[in-house]
Amino acid sequence: MKNRYFLHSLICLLAVSCTVQEFDTPVSPLAPNGSEDDVFYANLESYSAPDTKVSVDENITLYWDAADHISIFNRNSQNQSYQFSGETGDKSGTFTRVSSPVEAENNLGSVYAVYPYQETTSINEAGVISLTFPSVQTYKEGSFGPGANMMVSTTDDNFLSFKNLGGYMVLKFTGSGSIKSIKLEGNGDEPLSGEATVTVMESDPVISMASTAGTSITLNCETPVELGDTPKVFWMVVPPTTFTQGFTLTVTDPNGNVFFKEATRTDLAITRNSVLRIAPIAVSFNTSGISFSKNDITLVVPQNKSFPYSVDEQDRTFTVTVPTLTDFSNLNFDFGSKTVYADGIKITNGETPIDASKDVTLTVRNGQYGKNYTLKARNT
């Protein structure tokens, strides 16, 4: 998204379609009783294509959503929320302040803006922004989901030129069945989501992921996407990253069946404001022969002995009953020869603790295929 802004109690903005051409000084309405000093203009950053693997559809158009909010730091460190006043699909309109006005000392020399609004977004006196890259994004046909495409901008006068923070991975899938979610992980545990700091510069913003950053991004499809012979396209927004050992995609259908796809190339990079396209992937959910065998499972911690288990293949539930235990936050299982993930984290048999104080998703994997179960622990 890129746009034109008005800041006072109103910010007026004009967004243009995503093309390589730039616009001249825009003609935009002023806020009521506004002056030129009340108006902040913003332009749309063009996509770049540094090599032949990176391109962007010619018909991509950026527009605002009626639910969009942005953060404005108007020469101080107060995070003020502004909401789009137009309708979804509008390429121009106004943002109106919805947070209560706060009197604050002007401890910043410039105005800073961040899309989307997050209550936890902050800025220090040096102008370094702290924000959160989303670990969960929402599927949207032909584009990235609302709030995924984070942007920042700063100005010393009344012109805001937004810069996209991330790059874009475009995945294409064919096959049968449908997709409920797609998880992206770097095989080198590269940081992909969570806390980050951004230094806004006249050129490109500098992004640094925190040591506590997460190592995955999940794209959720609120309505499962049906697959077929024609590739279905899925967009993910990813912070600038080089996958030093390739990456893994975990594709899940609405029934909890799983397909794994690993890319082993070591030079795949997501660069800021560019699109990395992955060749179409044929997906299938072959779970024949994948199941739990309760006789092969041992509860190592707390008592290193067998307890009653039950496995319901129809409901995909795995239940363990430990009559003497009330704290299930640190269980440790040995699943024998099976490859098992707990809430997406690969288990080392007999070593990896599982917090079963709430239901846990266990994924049993066999090569490219897997099946999800719900682990339930109880004491009666």
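Predicted, not measured: the structure shown is a model, and the values here were computed from it.

Caption draft 1: How the structure looks around the side chain of Lys-371. Locating Lys-371 in the fold gives a position in strand 32 (residues 369-378). For Lys-371, the side chain forms a polar contact with the main-chain oxygen of Ile-290, separated by 2.8 Å. Among the polar contacts made by the side chain of Lys-371, one reaches the side chain of Glu-313 at a distance of 3.4 Å. Apart from residues lying up to four places away in sequence, Lys-371 is in contact with Gly-256, Asn-257, Val-258, Thr-287, Ile-290, Glu-313, Arg-316, Leu-362, Thr-363 and Val-364.

Caption draft 2: Region of interest: the nonpolar core. Met-169, Phe-173, Ile-182, Leu-184, Phe-234 and Phe-247 are the most contacted members of the largest nonpolar core, which totals 29 residues. Of all the elements in the fold, those that place two or more residues in this core are strand 13 (167-175), strand 14 (178-186), strand 17 (216-226), strand 18 (232-238), strand 20 (247-252), strand 21 (257-263), strand 22 (268-270) and strand 24 (281-283). For this core, the element with the highest residue contribution is strand 17, accounting for 4 residues. When near neighbours in sequence (up to four residues on either side) are disregarded, Phe-247 contacts Met-169, Leu-184, Glu-185, Gly-186, Asn-187, Lys-261, Glu-262, Ala-263, Leu-268 and Ile-278. Of all hydrophobic cores here, the second largest spans 24 residues; its members include Val-320, Val-322, Ala-342 and Tyr-373.

Caption draft 3: Main features of the pattern of salt bridges. Going through the model one piece at a time under the given rule, you end up with 7 salt bridges. The salt bridge involving Arg-365 is made with Glu-262; its shortest N-O contact spans 3.2 Å. Within this pair, whereas Arg-365 is found in strand 31 (residues 360-366), its partner Glu-262 is found in strand 21, the two being separated by 103 residues in sequence. The class of Arg-365 is buried, set by a relative accessible area of 17%. Overall, Glu-262 belongs to the partly exposed group, its relative accessible area being 43%. For the salt bridge of Glu-313 with Lys-371, the shortest nitrogen-to-oxygen distance reads 3.4 Å.

Caption draft 4: Seen up close, the side chain of Asn-164. In this fold, Asn-164 is placed in strand 12 (residues 163-164). A distance of 3.4 Å separates a polar atom in the side chain of Asn-164 from a polar atom in the side chain of Asn-149. A distance of 2.8 Å separates polar atoms of two side chains, one belonging to Asn-164 and the other to Asn-273.

Caption draft 5: Representation of the packing of aromatic side chains within the structure. Under the counting rule described, the total for this entry stands at 11 aromatic pairs. Centre to centre, the rings of Phe-144 and Tyr-168 are 5.4 Å apart; their planes meet at 20°, and the pair counts as stacked. Here Phe-144, found in the loop between strand 9 (136-138) and strand 10 (151-155), pairs with Tyr-168, found in strand 13; they are 24 residues apart in sequence, far enough to count as distant. Under the relative-accessibility criterion, Phe-144 is labelled buried at 9%. Overall, Tyr-168 belongs to the buried group, its relative accessible area being 0%. For the ring pair Tyr-168 and Trp-235, a centre distance of 6.1 Å and an interplane angle of 65° mean the geometry is edge-to-face. Taken together, the positions of Tyr-168 in strand 13 and Trp-235 in strand 18 put the pair 67 residues apart, joining distant regions of the chain. Within the aromatic cluster, the residues linked to one another by ring pairs are Tyr-309, Phe-318, Phe-333 and Phe-335. The ring of Phe-260 carries the charged tip of Arg-365 above its face, separated from the ring centre by 4.0 Å.

Caption draft 6: Representation of the pairing of strand 26 (residues 309-312) within the structure. Pairing of strand 26 with strand 27 (residues 317-321) involves 4 bridges; the strand directions are antiparallel. By the bridge assignment for strand 27, Asp-312 is matched with Thr-317. With antiparallel pairing between neighbouring strands as the criterion, strand 26 and strand 27 make up a hairpin whose turn holds 4 residues, including Arg-316 at a positive phi of roughly 55°.

Caption draft 7: Region of the structure containing the sheet that holds strand 7 (residues 122-123). A sheet is described by the order of its strands in space; here 4 strands give the open sequence 7-8-15-16, paired in antiparallel fashion. Each edge of the open sheet carries a strand with a single partner, namely strand 7 and strand 16 (206-209).

Caption draft 8: Broad picture of the environment of Asp-355. Checked against the element boundaries, Asp-355 lands in the loop between strand 30 (345-346) and strand 31. Taking the relative accessible area as the measure of exposure, Asp-355 reaches 33% and is therefore partly exposed. For Asp-355 and Asp-327, which are 28 residues apart along the polypeptide, the C-alpha to C-alpha distance reads 9.4 Å. When residues no more than four places from it in sequence are discounted, the contact partners of Asp-355 are Phe-328, Ser-329 and Val-360. A distance of 2.6 Å separates the side chain of Asp-355 from the side chain of Ser-357, its partner in a polar contact.

Caption draft 9: View of the environment of Ile-70. Mapped onto the fold, Ile-70 is located in strand 3 (residues 69-74). Judged by relative accessible area, Ile-70 falls into the buried class, the value being 0%.

Caption draft 10: Structural view of unusual backbone geometry. Backbone torsion omega between Tyr-115 and Pro-116 reads -5°, so that peptide bond is classified as cis. The topology assignment puts Pro-116 in the loop between strand 6 (111-115) and strand 7. Positive phi, normally seen in glycine, also occurs at Arg-75, with a value near 65°. Its identity is not glycine, yet Asp-189 carries a phi of approximately 60°, on the positive side. Along the polypeptide, Asp-189 turns up in the loop between strand 14 and strand 15 (194-199). When its relative accessible area of 56% is taken as the criterion, Asp-189 is described as exposed.

Rules of the game
Residues numbered from 1 in each chain as written. Predicted model: local features only at pLDDT ≥ 70, side-chain atom pairs only at ≥ 80, totals over all residues. Heavy atoms only, no water. Helix = DSSP H or I, 4+ residues; strand = E, 2+ residues; numbered from the N terminus. Polar contact = N/O pair within 3.5 Å; in protein donor to acceptor, adjacent residues only side chain to side chain. Contact = heavy atoms within 4.5 Å. Core = buried A, V, L, I, M, F, W, Y, C linked by side-chain atoms within 4.5 Å. Buried < 20%, exposed > 50% of the residue type's maximum accessible area, 1.4 Å probe, protein only. Salt bridge = Lys/Arg side-chain N within 4 Å of Asp/Glu carboxyl O. Phe/Tyr/Trp six-rings, centres within 6.5 Å; stacked < 30°, edge-to-face > 60°. Lys NZ or Arg CZ within 6 Å of the ring centre and 35° of its normal. Pairing = 2+ DSSP bridges.

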